[in-house]
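Working through the structure, step by step
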Amino acid sequence: MFAKTHNFIIPMKKHIFFVFLAIGLFFISCNKQEPMSAVIERGLQTATQQAVLMAQELENREGKLPTTIKPDGTLETSDYSWWCSGFFPGELWYLYENNPAPELRKYAELYTGRVEPAKYLTNTHDLGFMLFCSFGNGLRITQNPHYKDVLIAGAHSLATRYNPTVCAIKSWDFNKDVWQYPVIIDNMMNLELFTWASKETGNDIFREIVDSHALKTIENHFRPDFSSYHVVSYDTITGKAHIKQTHQGFSNESAWARGQAWGLYGYTAMARETGNNKYLEQARNIAGFLINHPTLPEDKIPYWDFDAPISIDTPHDASAAAIMASALIELSQLDKGEFGKQCLELAEQQIRSLSSPEYLAKPGTNRCFALMHSTGNFPDNSEVDVPLSYADYYYVEALLRLKKLIR
Ligand code: GLY
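Anyway, here's the lowdown on the structure attached to this text. (Residues numbered from 1 in each chain as written. Predicted model: local features only at pLDDT ≥ 70, side-chain atom pairs only at ≥ 80, totals over all residues. Heavy atoms only, no water.)

1. So, the overall build of the protein
Along the backbone of the protein there are 13 helices and nine strands. Summarising its shape, the C-alpha atoms of the protein cover approximately 65 × 45 × 45 Å along the three principal directions. The buried share of the protein, taken over its 407 residues, is 61%. The long-range fraction of contacts in the protein, counting pairs at least 24 apart against all pairs at least 6 apart in sequence, stands at 66%. As presented, the protein carries roughly 16,100 Å² of accessible surface, and 52% of it is formed by carbon and sulfur atoms. (Helix = DSSP H or I, 4+ residues; strand = E, 2+ residues; numbered from the N terminus. Buried < 20%, exposed > 50% of the residue type's maximum accessible area, 1.4 Å probe, protein only. Contact = heavy atoms within 4.5 Å. Areas by Shrake-Rupley, 256 points an atom, 1.4 Å probe, with all protein chains shown as cover.)

2. Quick look at the pattern of salt bridges
Applying the stated criterion to the full structure yields 22 salt bridges. We note a salt bridge from Glu-330 to Arg-272, for which the minimum N-O separation is 2.8 Å. Of this pair, Glu-330 sits in helix H11 (residues 318–334) while Arg-272 sits in helix H9 (residues 257–274); the two residues are 58 residues apart in sequence, bridging distant segments of the chain. Residues participating in the shared-partner salt-bridge network are Glu-192, Lys-199, Arg-272, Glu-273, Glu-330, Glu-397 and Arg-401. (Salt bridge = Lys/Arg side-chain N within 4 Å of Asp/Glu carboxyl O.)

3. Digging into the side chain of Ser-319
Relative to the helices and strands, Ser-319 resides in helix H11. For Ser-319, a relative accessible area of 0% gives the class buried. A polar side-chain atom of Ser-319 sits 3.4 Å from a polar atom in the side chain of Arg-258. Aside from chain neighbours lying at most four places away, what touches Ser-319 is Arg-258, Ser-374, Leu-388, Tyr-390 and Ala-391. (Polar contact = N/O pair within 3.5 Å; in protein donor to acceptor, adjacent residues only side chain to side chain.)

4. Examining the packing of helix H2 (residues 36–58) against helix H3 (residues 87–98)
H3 packs onto H2 with a crossing angle of 130° between their chain directions and a minimal axis gap of 10 Å. When the axis of H2 is compared with that of H3, the two are oblique. Where H2 crosses over H3, the handedness of that crossing is left-handed. Judged by residue contacts, Leu-44, Ala-47, Thr-48, Ala-51, Met-54 and Ala-55 of H2 engage Phe-88, Glu-91, Leu-92, Leu-95 and Asn-98 from H3. (Axes fitted to C-alpha atoms, helices over the stretch in contact; angles between N-to-C directions. Parallel < 35°, antiparallel > 145°, perpendicular 65-115°, else oblique. Left-handed = near helix turned anticlockwise from the far one by under 90°.)

5. Here we look at helix H10 (residues 277–291)
Between the first and last C-alpha of H10 there are 20 Å, a value that for 15 residues agrees with the 21 Å anticipated at 1.5 Å per step. Its buried side turned inward, H10 meets helix H8 (204–221), H9, H11 and helix H12 (338–354). One side-chain oxygen at the N-terminal end of H10 lies 2.8 Å from the backbone nitrogen of Lys-278; it belongs to Asn-276. (Expected span 1.5 Å × (residues − 1).)

6. Comments concerning the site of the ligand
Trp-83, Asp-186, Gln-248, Trp-256, Arg-258 and Trp-262 make up every residue found near the ligand. Asp-186 is positioned such that a nitrogen or oxygen atom in its side chain is 2.7 Å from a nitrogen atom of the ligand. Here Arg-258 contributes a side-chain N or O atom positioned 2.6 Å from an oxygen atom of the ligand. Here the ligand loses 93% of its free accessible area of 200 Å² to cover by the protein chains. Here the residues of the shell around the ligand are counted per class, giving three nonpolar, one polar and two charged. (Near = heavy atom within 4 Å. Nonpolar A, V, L, I, M, F, W, Y, C, P; charged D, E, K, R; others polar.)

7. Thoughts on the nonpolar core
Core analysis: the largest hydrophobic core is formed by 118 residues, its most contacted members being Phe-87, Phe-194, Trp-262, Leu-264, Tyr-267, Leu-354 and Tyr-394. Ignoring anything within four residues of it in the chain, the contact list for Tyr-394 reads Phe-87, Phe-129, Cys-133, Met-189, Trp-262, Tyr-265, Ala-322, Ile-323 and Ser-326. Listed in part, the seven residues of the second largest apolar core include Val-166, Ala-168, Tyr-181 and Val-183. (Core = buried A, V, L, I, M, F, W, Y, C linked by side-chain atoms within 4.5 Å.)

8. Side note on the sheet that holds strand E6 (residues 231–234)
With antiparallel pairing, three strands are arranged side by side in an open sheet as E5-E6-E7. Of all the strands in the sheet, just strand E5 (182–184) and strand E7 (241–245) have a single pairing partner and so form its edges. Between one strand axis and the next, the sheet turns through 25° on average, direction left out of account. As judged from the three bridges shared by E5 and E6, these two strands associate in the antiparallel manner. (Pairing = 2+ DSSP bridges.)

9. With respect to helix H13 (residues 389–406)
Taking 1.5 Å per residue, 18 residues should reach 26 Å; H13 reaches 26 Å between its end C-alpha atoms and fits that length. Among the 18 residues that make up H13, 15 are buried, leaving the element largely enclosed by the rest of the structure.

10. As for the packing of aromatic side chains
The tally for this structure, following the rule as stated, stands at 28 aromatic pairs. With a centroid separation of 6.4 Å and 45° between ring planes, the pair formed by Tyr-107 and Tyr-111 is classed as tilted. Of this pair, Tyr-107 and Tyr-111 both sit in helix H4 (residues 102–115), four residues apart, which is roughly one turn of that helix. Exposure remark for Tyr-107: the relative accessible area of 2% places this residue in the buried category. Considering the side-chain rings of Phe-132 and Trp-196, the 6.4 Å spacing of their centres and the 55° angle between planes classify their relative orientation as tilted. Of the two residues, Phe-132 is situated in helix H5 (residues 127–142) and Trp-196 in helix H7 (residues 191–201); the sequence distance between them amounts to 64 residues. Comparing Phe-132 with Trp-196 shows no difference in burial state: the two are buried. Among the aromatic residues, those joined into a cluster by ring pairs are Trp-83, Phe-87, Tyr-94, Phe-129, Trp-262, Tyr-265, Tyr-390, Tyr-393 and Tyr-394. Sitting over the face of the ring of Tyr-107, Lys-106 holds its NZ or CZ atom 4.6 Å from the ring centroid. Directly above the ring of Tyr-229 sits Arg-223, whose terminal nitrogen or CZ lies 4.1 Å from the centroid. (Phe/Tyr/Trp six-rings, centres within 6.5 Å; stacked < 30°, edge-to-face > 60°. Lys NZ or Arg CZ within 6 Å of the ring centre and 35° of its normal.)

Below, the structure written as structure tokens:
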């Protein structure tokens, strides 16, 4: 399999990975911490090797983007319309930013192009994920003006899902018998497309949607301990919440791990983008709930739900850890006090765990995903203890954020 990469720009070959691994194990056996710079380098090298192998594998399968591994062990792919379509191209942009090799750019452009038809979708709230991770990173890195047009078209499509009576963006169109107007905590992740569009176009409507949605979510999604509900459905006449429950979590009152991570990341990003202290405070409060949570395991990679019964078989969710780590690193730069230090400390522990053999795949294995052990939808018995494209995306993002800090 590695013969395919011989003419490729990746500087690390398989044996060098094992050298990195041996160095890591040496530090562990001496009871010393491996330098964070070595941890980061191992993560980035592995992610690059895996992403290129993945890109090569799907190069001639038109329109296909990687998502996970199927129960039969084969690669699961999607087209542009699945909520995860933007993560692989976005990861390729990050890896290209780290290592500006022409082949990485070629693949970043190829896979980003595959997501373009999503710009006209109005039946999903996930356009932020799909377009801002792919085209947003591409634009930031290349200034390609076409990418800007795609993002603006996408922002207009997403804005069609905003209802001014409810003051929020509608997440889902299914289960209409139960939910009048479901909004999920994940939806905070789509707001960055709007803060960007507001600055880019000068159209205030985008910023109004951001503030309405973010404030409405603070009002209704959070419990007194700052854990969050997964789904809040609103009454479309009164705009009031009529149902609060879960869809992917353990129970209606539980703290679904990835949902907590989405909330943390969403409010941290909004604090950065708007400078609004209310969002920073919310991010700090969510982080406070997570940092000392009694069920956070020793390796700091949460189980799939913070309230799930714990046994030897309870799956972790590496994707939640990667999202959390990336957000905590950013939060540590917005809060320069003691609390910010605690955030960074936890993020570093998570990065160390994710970059250990327990979670980081050996190159050429794991169907070319970087991370193992994520959980997509446990109650549906779907994507349990598998790699996921978004785990890899946020892992690479976190590695690059940390790399910038320790330079
Ligand atoms: N809706 C995105 C997720 O499953 O986290």
